[in-house]
Protein chains: 2
Amino acid sequence: MSRKRIRDIRNEELIEATIVAVHKRGYGVVTMAEIAREAGASAASINYYFGSKEGLMEATMLHLLGKLRRAMSEGYATARTPRERLYAVMDANFADGLFTVPQCSIWMQFWANAPYSPRLSRLHRINRARVRSHFLAELRALLPADRVETARQALQCYMDGVWLQAAQSEEALDPDEARAAAHRVVDLVIP
Amino acid sequence: MSRKRIRDIRNEELIEATIVAVHKRGYGVVTMAEIAREAGASAASINYYFGSKEGLMEATMLHLLGKLRRAMSEGYATARTPRERLYAVMDANFADGLFTVPQCSIWMQFWANAPYSPRLSRLHRINRARVRSHFLAELRALLPADRVETARQALQCYMDGVWLQAAQSEEALDPDEARAAAHRVVDLVIP
DNA sequence: GAAACTTGAATGGTCATTCAAAAAACTGTT
DNA sequence: AACAGTTTTTTGAATGACCATTCAAGTTTC
């Protein structure tokens, strides 16, 4: 019981520190020592919990994917029409707790590094496929079959593109505005 | 004269090798020795030409930006209507010589690393601003003022998103198909 | 023969990971 | 409550590997 809780607390602390440290210094450059300092721990203890730097990175990515998945489930629960569910997918990606510069930045770094790490690339594929199938399901209810695929590409690439831009931002992001803009794009694509 | 030419030839060879090597191994992990091997040269000679690893990376990025800028100018020369010019901006981004996995991959890497290098970040900002103003100029001729900004975001983020996906691709890309898809998205946004 | 180019080897530094030993947390016993 | 034993957690220091950059000595080009 308490054994498990300590480990979980440490895991979460270390993952939060990883997000901040990677954002500050960059995925390819950040060192274990820097992450450790951010967490107020030692580099050795990170290895004790995660085995290796790669293990830590994978755990961090899993943490973020989980957050995204949960945000999307919540939105789906209350949405009633296909268009509302389309909004919900967008809203999840631009949710308050997710659409911040450090997290978009991390996501960028993971995307850029996924092709070189089978584990990251697997996570990336799974997530993309999930978003894709959500989009397709709703779009099929709203558009003639021959326009579904184009609309899906437009919306999914839009989402990726917004994150890509957000990662470069020097000011804090405005999730409310991002969601509003996303809704406008949805309305533009599906009149 | 010949002095200059030899230097130019080496520069181009080394930059091509950099593109391939970064694509194969990743920006943060690739070593000077690997790039050198790819070019059939030695690590020391790269420093002779570019001064440092960072210098090489900046030169490589400049090279790619130049390619993109030229592709766009060419397209603009023959386009006659605002819509054609909009197509031309898209076509430049998905031109045969540009829309390849290694180059999209490099671009990803640069995007991800731009926030940590003032020089890269400067190049990135300039390029983005240029594309943005092209889009705005054409969209203003095609849409009522209050829809211009949403359409611009949709199109520009779409372009970024497509490259982001392309960088992850395991097969060769199909620039023809990418251009056709981009045209469909333009038509979706501007009926 | 001078200038431009090339490179193997040396240099100095950085970093992930390991390890042994200390510290802390927990356990059951008295 | 105090204590001895056990397990879990933490860390400083050591290890071993890797790498960008430099440089002196060669090679090629003009």
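Residues numbered from 1 in each chain as written. Chains lettered and ligands numbered in written order. Predicted model: local features only at pLDDT ≥ 70, side-chain atom pairs only at ≥ 80, totals over all residues.

**Let's talk about the environment of B:Leu164**
Next, step 1: Along the chain, the position of B:Leu164 falls in helix α8 (residues 145–168).
Next, step 2: Taking the C-beta count within 10 Å as the criterion, B:Leu164 has 21 such neighbours and is therefore assigned buried.
Next, step 3: Residues B:Leu164 and B:His23, 141 residues apart in the sequence, show an inter-C-alpha distance of 14 Å.
Next, step 4: Not counting residues up to four positions away in its chain, the partners in contact with B:Leu164 are A:Trp111, A:Asp160, A:Leu164 and B:Met108. (Helix = DSSP H or I, 4+ residues; strand = E, 2+ residues; numbered from the N terminus. Buried ≥ 20, exposed ≤ 12 C-beta atoms within 10 Å, placed from the backbone. Contact = placed C-beta atoms within 7 Å.)

**Here's the deal with the confidence of the model for chain A**
Next, step 1: Here chain A shows a mean pLDDT of 92. Residues at 70 or above account for 97%.
Next, step 2: Within chain A, helix α3 (residues 43–50) of chain A carries the highest mean pLDDT (97), whereas helix α1 (residues 2–25) of chain A carries the lowest (84). (pLDDT = per-residue confidence, 0-100.)

**Let's talk about the relation of the copies chain A and chain B**
Next, step 1: Between the two copies, chain A and chain B, the superposition gives an RMSD of 0.1 Å; the rotation angle is 180° and the shift along the axis is 0.0 Å. The operation mapping one copy onto its partner corresponds to a two-fold rotation axis.
Next, step 2: Most of the interface of chain A is mirrored in chain B, where 97% of its interface residues again form contacts. (Least-squares fit on C-alpha atoms with pLDDT ≥ 70 in both.)

**Structural notes on the interface of chain A and chain B**
Next, step 1: With 33 residues of chain A at the interface, the matching set in chain B holds 32 residues.
Next, step 2: Contributing elements (two or more residues each) for the side of chain A that touches chain B: α6 (101–113), α8 (145–168) and α9 (175–189) of chain A.
Next, step 3: For the side of chain A that touches chain B, the element with the highest residue contribution is α8(A), accounting for 13 residues.
Next, step 4: Tallied by class, the residues present in the side of chain A that touches chain B amount to 18 nonpolar, twelve polar and three charged. (Nonpolar A, V, L, I, M, F, W, Y, C, P; charged D, E, K, R; others polar.)

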